Amino acid sequence: MKAHQQQLEHLAQFDPLTDLPNRVLLADRLQQAIAQAARHKQSLAVAYLDLDGFKQINDAKGHGIGDSFLIALSRRMNAALREADTFARVGGDEFVAVLVDLPTPNDGDPVLRRLLDAAASEIEVDGHRLQVSASIGVTIYPQDAVVADQLVRHADQAIYQAKQAGKNRYHLFDVMQDAALNAQRESLDNIRHALACGEFVLHYQPKVNMRSGAVVGAEALVRWQHPERGLLPPSAFLPVIENDPTGIDLGEWVIEAVLTQMEAWAAQGLHLPVSVNLSAHQLQHANFTERLGELLSRHPQTPPKWLELEILETSALNDLSEIANVIKDCTELGVSFALDDFGTGYSSLTYLKHLRVGMLKIDQSFVRDMMDDPEDRAIVDGVIRLSNAFHLNVIAEGVETAAHGAMLLGLGCELAQGYGVARPMPADLIPGWIHSWAPDPIWQATLAM
Ligand code: C2E
Ligand code: MG
Ligand code: MG
């Protein structure tokens, strides 16, 4: 009876497959760890770990091998922690580590790095050499001064950024940003209301060819004409609706508004291709291609090839095969794609080969600093060469001065967008701007050299 009783207790607190603590025991241990950290004025870290690529092993090799792999891997990961730490299994390939006794918030870093290494180590099961990696979200108590289950939730939330930034890494939950978001959160209703009332507007930023002097297109950038707060930039509202259906609605509104605008410009004799930014969420939404097709067919006067869709390099990496398919389907409708903020993600050359994009947009941070920072210049140079090798167009964003443009021309990049050419402006100013714009003389001089 006694042995049986013990067995039942064990089952209630430990995961049957890996024999690691389960959620119940984790909650218990975390509670104690928080009390102790508060008593000793120390920090603790909650690390939520999600394996990258475990599903593929399970699918390809079967559950038996998948299970053996998980058992072996969880032992290695557990061994990377210290004696007093807790390592729990909370889902199929999800684990939570509680790192205790940290004199300062950063003292968990070496342990987290060991944990990443352990998760990415190769393991042999039945003659198969298997390897995954881990994406870890981390939050630190008492910097993040919330109760136990909320700490776990915050750590879980931070995994998203770790995955977005390219996996096999950890990302620290941003307490300040979360507070800022919470302060804004009640405005989700306001944003929905604003969309219904037509308070969103698009500004357009020209893109030019510095060599030929042609205006080659414009990028549509959304703003909220707020009745009290004035014109608000996307950073003031996009993060709030990012993962909400309202984000999809706003995204559709933007495409519809751009198609209507291109039609109006065409009626005045101005044929200007326009690019639209897509959120990852929108692109991965089940019927995106279908919706895009419907929007395009409502504007038969506007050739689909005038529409370019910009997707963030980082979001494209999230689910490569799925995104590659969406891009392929949309390309068949006639629209083209650009990878935005290129250089901030971790695209491998294979990825570039699989994504049918026509354009790379060099991220503005590299362009801005390339004049003083040789490493940023090397990145800009590298992206330009990469685009040549893959027969892609390349445009630099954040071209703030004519001198930036001259350097870009020297490196072989002819297309530019940025304050040095023009700031984003309301649609009705675009025709006049195009009429009066002339390329900077130093660009011609650079080309003549
Ligand atoms: P992005 O697509 O990379 O757009 C470029 C941003 O850089 C714009 O900021 C633009 O105003 C700004 N910019 C342009 N030239 C310069 C320059 O020379 N120097 C500096 N410092 N900045 C420059 P904005 O309009 O605030 O947009 C920020 C981001 O919001 C965009 O980055 C894009 O990711 C997102 N966004 C804008 N409109 C939409 C939209 O309709 N849908 C979605 N999903 N995202 C959008
Ligand atoms: Mg963009
Ligand atoms: Mg960009």
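The structure displayed is predicted, hence computed values, not measured ones.

**Student:** Break down the domain arrangement of the protein for me, citing the residues and quoting the values.
**Tutor:** What the domain assignment lists for the protein is domain 1 (2–173) and domain 2 (182–448). In this complex, domain 1 contributes six residues to the contact, which on the side of domain 2 involves four residues. Carbon and sulfur atoms supply 37% of the area that domain 1 and domain 2 bury against each other, a total of about 500 Å² over both sides. Counting every contact that joins domain 1 to domain 2 gives zero salt bridges. Remark: the boundary between domain 1 and domain 2 carries zero residue pairs in polar contact (both at pLDDT 80 or more). Residues of the side of domain 1 that touches domain 2, tallied by class, amount to one nonpolar, two polar and three charged.

**Student:** Describe the nonpolar core, and please don't skip the residues or the numbers.
**Tutor:** Y204, V258 and L307 are the most contacted members of the largest nonpolar core, which totals 76 residues. Looking at which element gives the most residues to this core, the answer is helix α10 (residues 245–267), with seven residues. The contacts of L307, once residues within four sequence positions are left out, are I255, V258, L259, M262, V274, V276, L292, L296, V335 and S336. With 33 residues, the next largest nonpolar core counts L20, V111, L115 and A134 among its residues.

**Student:** I'd like a rundown of the site of ligand 1, residues and numbers included.
**Tutor:** The environment of ligand 1 is formed by 22 residues, the closest being R223, D340, Q364, E400 and Y419. The separation between a nitrogen atom of ligand 1 and a polar side-chain atom of Q205 is 3.0 Å. Note that a nitrogen atom of ligand 1 is positioned 3.5 Å from one of the backbone N or O atoms of S279. Of all the secondary structure elements, the ones that give two or more residues to the shell around ligand 1 are β9 (215–226), β11 (274–278) and β13 (336–342). Looking at the shell around ligand 1 residue by residue, the class counts come to nine nonpolar, six polar and seven charged.

**Student:** Talk me through the coordination of the magnesium ion (ligand 3); I want residue IDs and the actual numbers.
**Tutor:** Geometry sets the ideal angles at a metal, namely 109.5 degrees for four tetrahedral donors and 90 or 180 degrees for six octahedral donors. Note on the magnesium ion (ligand 3): its protein donors are D340 (OD), D341 (OD), E397 (OE) and E397 (OE). The metal-donor distances range over 2.0 to 2.5 Å. As a motif over one chain, the donors of the magnesium ion (ligand 3) read D-D-x55-E. The distance between the magnesium ion (ligand 3) and the magnesium ion (ligand 2) comes to 4.2 Å, with D340 serving as a donor to both metals. Of this pair, D341 sits in strand β13 while E397 is found in the loop between β15 (393–396) and α18 (402–411), placing the two residues 56 residues apart along the sequence.

**Student:** So what about the coordination of the magnesium ion (ligand 2)? Which residues, and what values?
**Tutor:** Protein coordination at the magnesium ion (ligand 2): the donors are E219 (OE), N277 (OD1), E310 (OE) and D340 (OD), at 2.0 to 2.2 Å from the metal. Mapped onto the sequence, the donors of the magnesium ion (ligand 2) take the spacing E-x57-N-x32-E-x29-D. On the basis of relative accessible area, N277 is assigned to the partly exposed category, the value being 29%.

**Student:** Can you lay out the packing of aromatic side chains for me, pointing to particular residues and giving the numbers?
**Tutor:** On inspection of all chains with the given rule, the structure shows eight aromatic pairs. Centroid distance F87 to F95: 5.3 Å. Interplanar angle 5°. Geometry classified as stacked. The two residues F87 and F95 agree in class, both being buried. Between the aromatic rings of W224 and F237, the centroid separation amounts to 6.1 Å while the plane-to-plane angle is 85°, which identifies the pairing as edge-to-face. One end of the pair, W224, is in strand β9; the other, F237, is in the loop between β10 (230–232) and α9 (238–241), with 13 residues separating them in the sequence. Assigned by exposure class, W224 and F237 land together as buried. Three or more aromatic residues link up through ring pairs in this structure, and these residues are F200, W224 and F237.

Criteria and cut-off values
Residues numbered from 1 in each chain as written. Chains lettered and ligands numbered in written order. Predicted model: local features only at pLDDT ≥ 70, side-chain atom pairs only at ≥ 80, totals over all residues. Heavy atoms only, no water. Domains from an automatic or database assignment. Contact = heavy atoms within 4.5 Å. Buried area = accessible area lost by both parts, 1.4 Å probe. Salt bridge = Lys/Arg side-chain N within 4 Å of Asp/Glu carboxyl O. Polar contact = N/O pair within 3.5 Å; in protein donor to acceptor, adjacent residues only side chain to side chain. Nonpolar A, V, L, I, M, F, W, Y, C, P; charged D, E, K, R; others polar. Core = buried A, V, L, I, M, F, W, Y, C linked by side-chain atoms within 4.5 Å. Buried < 20%, exposed > 50% of the residue type's maximum accessible area, 1.4 Å probe, protein only. Helix = DSSP H or I, 4+ residues; strand = E, 2+ residues; numbered from the N terminus. Near = heavy atom within 4 Å. Donors = N, O, S within 2.8 Å, 3.2 Å for Na, K, Ca; no water. Phe/Tyr/Trp six-rings, centres within 6.5 Å; stacked < 30°, edge-to-face > 60°.

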